[in-house]
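# Observations on chain architecture
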Amino acid sequence: MSQIYLVLSLLSLLWLRSGATSVSSGSRSILRAIDAEKGDVRDYAVDLNVTNFDAVLRDTPATFAVVEFFAHWCPACRNYKPHYEKVARLFNGPDAVHPGIILMTRVDCASKINTKLCDKFSVGHYPMLFWGHPPKFVSGGWEPKQEKNELRVIDDGRTADKLLHWINKQIGSSFGLDDEKFENEHLSSNGSDPGQIARAVYDVEEATSTAFDIILEQKMIKSETRASLIKFLQLLVAHHPSRRCRKGSAEVLVNFDDLCPSDMWSTEKQEDSDGKSALRNFQICGKDVPRGYWMFCRGSKNDTRGFSCGLWVLLHSLSVRIEDGESQFAFTAICEFVHNFFICEECRQHFYDMCSSVSNPFNKTRDFALWLWSAHNKVNERLIKEEASLGTEDPKFPKMIWPPKQLCSSCHLRRSQRNNSIDWDQDEVFKFLSNYYGKTLVSLYKDKKILGKDGADVALEDLVASTNALVVPVGAALAIAVASCAFGALACYWRSQQKSRKYFHQLHSLKNI
């Protein structure tokens, strides 16, 4: 009888271990929540193992990481877990109080799969905590006698209070264990610290992914909107600030006829589960894009900022990354995309009215970037009045005429006493826009060395890599062609072929949208 009991116990232990592994696998475990029978018990720290250690730490948007090496059988580790979770609650998950700053993780060294990983970090006792920039953990290690090491052992973090105090000393913060959601000290300086926009690159990725999720959920790809979507994808392939979004957009163009057939929402097509699954499961910016964070674009209330802010940042980034010869194409692509695919009816109509008021085509990047900047300020000016009268404004992030003087003092000439409007130095404004939404926006990516080369060269490389074919399909060919300046001779060749291409069409007046 005792032998049977022992066998059943071993089987139970193996089942629990396999279950824990399945829960913790994948970089999306950062959003994991475990619901217990007696209430909502949540593990905020991310469980890592040798299979996902490098991927999660490489792709995290957080600036710093803490890795706890522990053993599940260790009583001290079990007693320490509640302390570690109290701190992890502040930084991890979609409901984090201070998102995007620190990723709190743990590795179980008692699991055989992690033996070599723990050896690389010379884990000599449990629990053992390390601190550093996430990329420094990737394919790295730690030696106790190594003089210069970019990873540090946290030697005074045995309680939640001590651990948070240690963290505060490292980054000059004043976080508290009782901090509540949306107490975002690091975001309150959006209007004065130009470096904050660097965090928005992740918001731009999330906004792009969310926009295409909405398009699919609302079945908005129709025969009359296909051309508009293709043009916007062409713009993303060449000029999206995120390399993985450029690559995903190119893949959509390459497979556009298969992913988005003209009769995709017909009854017969909807019954074709394989085709439907291929489209619904496609992630335009990749499966590892963080979702639910909104770092630069996070509001102090759940229903403020977020997606709309991220979409504006994307549009401004596109406006300063294009070449002069692409300015009218970019204007048309963006106006048509908003008109056909932005689901807020009132916002869509206001934007369409501003687009329709443009009488002359754009010939310069500067002119289009300044038009979009002016349009955004008109939107803000209208919303300032509406939100003030209805009491719906975000108290911590009120709408403002942008950029404020703290961000660009040289942009402001004077304020008119007659109508209280601002006289702008538009040359300085364009210079600011180009730097803010250009170089500064992608600076985090460059620091992490995952941006790669700039612009269309990367789009072309990604396009070739994603197709793995010698012949570039028609949709991708047009995407390459529109990036005229960046693609040089190749673009000239494709441009000469455009009139015979399936998707070529004249850029019609916005009045006909």
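The structure under discussion appears in the preceding block.
Let us look at the structure shown here. (Residues numbered from 1 in each chain as written. Predicted model: local features only at pLDDT ≥ 70, side-chain atom pairs only at ≥ 80, totals over all residues. Heavy atoms only, no water.)

### Considerations on the overall build of the protein chain
The test is simple: A run of H or I in DSSP becomes a helix once it reaches four residues, and a run of E becomes a strand once it reaches two; helices and strands are each numbered from the N terminus. Only protein chains enter the accessibility calculation, which uses a 1.4 Å probe. A residue is then buried if its area is under 20% of the maximum for its type, exposed if over 50%, and partly exposed in between. In what follows, a contact means two residues having at least one pair of non-hydrogen atoms within 4.5 Å. Note on areas: Shrake-Rupley with a 1.4 Å probe; residue coverage comes only from the protein chains shown.
Along its length, the protein chain carries 21 helices and seven strands. Residues counted as buried form 49% of the 513 residues belonging to the protein chain. Within the protein chain, counting contacts between residues at least 6 apart in sequence, those at least 24 apart form 70% of the total. Counting only carbon and sulfur atoms, one obtains 52% of the accessible surface of the protein chain, whose full area is about 25400 Å².

### Let's talk about the state of the cysteines
Where two cysteines share a covalent bond between their sulfur atoms, that bond is called a disulfide. Test applied: Criterion for a disulfide: a pair of cysteine sulfur atoms within 2.5 Å.
The full count for this structure, using the stated rule, is five disulfides. Each disulfide pairs two cysteine sulfurs, and for cysteine 109 the partner residue is cysteine 118, the sulfurs being separated by 2.1 Å. As the torsion about the S-S bond is roughly -100 degrees, the cysteine 109-cysteine 118 disulfide counts as left-handed. With relative accessibility at 5%, the residue cysteine 118 sits in the buried group. Disulfide partner of cysteine 297: cysteine 309, at an S-S distance of 2.1 Å. Here the S-S torsion is close to -65 degrees, and the disulfide linking cysteine 297 with cysteine 309 is therefore left-handed. Pair noted here: cysteine 297 is in the loop between helix H12 (273-280) and helix H13 (307-321) and cysteine 309 is in helix H13, with a separation of 12 residues, a long-range link. Since its relative accessible area comes to 0%, cysteine 297 is described here as buried. What makes cysteine 309 buried here is its relative accessible area of 14%. Take the cysteines of the protein chain that form disulfides and number them in order along the sequence; they join up as 1-2, 3-4, 5-6, 7-8, 9-10. Cysteine 74 takes part in no disulfide bond, and the closest cysteine sulfur to it belongs to cysteine 77, at a distance of 3.1 Å.

### Concerning the packing of H13 against helix H16 (residues 365-390)
For clarity, the threshold we go by: Helix axes use the C-alpha atoms of the stretch in contact, all axes being lines fitted to C-alpha atoms, and the angles between their N-to-C directions lie in the range 0 to 180 degrees. When describing relative orientation, an angle under 35 degrees is termed roughly parallel and one over 145 degrees roughly antiparallel, while 65 to 115 degrees is termed roughly perpendicular and anything else oblique. Handedness of a crossing is defined here by the sense of rotation of the near helix relative to the far one, left-handed for an anticlockwise turn of less than a right angle and right-handed for a clockwise turn. Each residue gets one label: Ala, Val, Leu, Ile, Met, Phe, Trp, Tyr, Cys and Pro are nonpolar, Asp, Glu, Lys and Arg are charged, and the others, such as Gly, are polar.
The interhelical angle for the contact between H13 and H16, taken along N-to-C directions, is 160 degrees, at an axis separation of 8 Å. Put simply, H13 runs roughly antiparallel to H16. For the element pair H13 and H16, the recorded crossing hand is left-handed. Of H16, the residues touching H13 (which contributes Trp312, Leu315, His316, Ser319 and Val320) are Thr365, Phe368, Ala369, Leu372, Trp373, His376 and Val379. Split by residue class, the contact of H13 with H16 holds eight nonpolar, four polar and no charged.

### Here's the deal with the sheet that holds strand E1 (residues 46-48)
The test is simple: Pairing between strands is defined by DSSP: at least two bridges between the two strands are required.
Spatial ordering of the open sheet is given by E1-E3-E2-E4-E5, a layout of five strands whose pairing is mixed. For this open sheet the edge positions go to E1 and strand E5 (152-153), each flanked by a neighbour on one side alone. Packed onto the sheet, helix H3 (residues 75-91) meets strand E2 (64-70), strand E3 (102-108) and strand E4 (128-132) and runs at close to 155 degrees relative to E3. Of the strands in this sheet, E2, E3, E4 and E5 touch helix H6 (residues 160-171), which is tilted by about 20 degrees from E4.

### Brief notes about helix H7 (residues 200-217)
The condition that has to hold: A helix is expected to reach a length of 1.5 Å times the quantity of its residues less one.
Spanning 18 residues, H7 covers 25 Å between terminal C-alpha atoms, matching the ideal 26 Å at 1.5 Å per step. Where H7 ends, the next residue or the one after it, lysine 219, has phi of about 55 degrees, a positive value.

### Details of unusual backbone geometry
A cis amide bond, omega -15 degrees, links tyrosine 126 with the succeeding residue proline 127. As for its position among the elements, proline 127 is in the loop between helix H4 (115-120) and E4. Phi at serine 122 is positive, roughly 50 degrees, even though this residue is not glycine. Within the secondary structure, serine 122 is located in the loop between H4 and E4. With a phi close to 55 degrees, serine 139 is a non-glycine residue in the positive phi region. Counting through the fold element by element, serine 139 comes out in the loop between helix H5 (134-137) and E5. Judged by its relative accessible area of 56%, serine 139 falls in the exposed class.

### Things to note about the pairing of E3
Applied cut-off: Here, the term right-handed applies to a crossover whose path from the first strand over the helix to the second runs clockwise when the strands point away from the viewer.
Counted residue by residue, E3 has seven buried out of seven residues, so it is predominantly covered. The pairing of E1 with E3 spans three bridges and is parallel. Paired with aspartate 47 across the bridge in E3 is arginine 106. Strand direction decides the pairing type here: E2 and E3, joined by seven bridges, are parallel. Each residue of the ladder has a partner; that of phenylalanine 70, found in E3, is aspartate 108. The parallel pair E2 and E3, bridged by H3, forms a crossover whose chirality is right-handed.

Limitation: the analysis is restricted to geometry and does not speak to function.
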